[in-house]
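A structural walkthrough
Residues per chain are reported as follows:
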Amino acid sequence: MAVTLINVFSVPKGRENDFVKWWQDVKTSITSQQGFISGKFHRSIRSESRYNFINIALWENEEVYWT
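Residues numbered from 1 in each chain as written. Predicted model: local features only at pLDDT ≥ 70, side-chain atom pairs only at ≥ 80, totals over all residues. Heavy atoms only, no water.

**Some words on the overall build of the protein**
In terms of regular secondary structure, the protein is built from two helices and three strands. Taken from the N to the C terminus, the helices and strands of the protein come in the order β-α-β-β-α. Contacts in the protein between residues far apart in sequence, at least 24 positions, make up 61% of those at least 6 positions apart. When the accessible area of the protein is evaluated, it comes to approximately 5300 Å², of which 53% is carbon and sulfur surface. Charged side chains of the protein number 8 positive and 7 negative; the gap between the two group centres comes to 11 Å. (Helix = DSSP H or I, 4+ residues; strand = E, 2+ residues; numbered from the N terminus. Contact = heavy atoms within 4.5 Å. Areas by Shrake-Rupley, 256 points an atom, 1.4 Å probe, with all protein chains shown as cover. Lys, Arg positive; Asp, Glu negative; His and termini not counted. Charge placed at Lys NZ, Arg CZ, Asp CG, Glu CD.)

**Observations concerning the pairing of strand 3 (residues 53–59)**
Taking every second residue as pointing to the same face, the buried face of strand 3 carries Phe53, Asn55, Ala57 and Trp59, while none of Ile54, Ile56 and Leu58 on the other face is buried. As defined by bridge partners, strand 1 (residues 3–9) adjoins strand 3 across seven bridges and the pair is classed as antiparallel. Bridge assignment links Phe9 to a residue of strand 3, and that residue is Phe53. Strand direction decides the pairing type here: strand 2 (residues 36–43) and strand 3, joined by seven bridges, are antiparallel. Across the sheet, residue Gly39 finds its bridge partner in strand 3, namely Ala57. (Buried < 20%, exposed > 50% of the residue type's maximum accessible area, 1.4 Å probe, protein only. Pairing = 2+ DSSP bridges.)

**Considering the nonpolar core**
Within the largest apolar cluster, five residues are counted, these being Phe9, Val11, Phe19, Trp23 and Phe53. Residues in contact with Trp23, not counting those within four places in the same chain, are Phe9, Ile30, Phe41 and Asn55. (Core = buried A, V, L, I, M, F, W, Y, C linked by side-chain atoms within 4.5 Å.)

**Describing the side chain of Asn52**
Relative to the assigned elements, Asn52 resides in the loop between strand 2 and strand 3. Residue Asn52 is classed as buried on the basis of its relative accessible area, which comes to 8%. Among the polar contacts listed, one links the side chain of Asn52 to the backbone nitrogen of Val11, at a separation of 2.8 Å. With near-sequence residues (within four places) excluded, Asn52 lies in contact with Phe9, Ser10, Val11, Glu16, His42, Arg43 and Ser44. (Polar contact = N/O pair within 3.5 Å; in protein donor to acceptor, adjacent residues only side chain to side chain.)

Below is the structure:
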């Protein structure tokens, strides 16, 4: 059964561009892992949001995610 992983990030004001660059670098590694199906990276449109970035990823199953 497929599982959905949701990560929320609270990035300090002024560090958003650094975070996006870091995420783009990490994304290549994550998306090439066995069992990864798809993912979406979201940025809040409200600057005052506590969690201003969210990643949602779909994996084939929980076992393959943890390996």
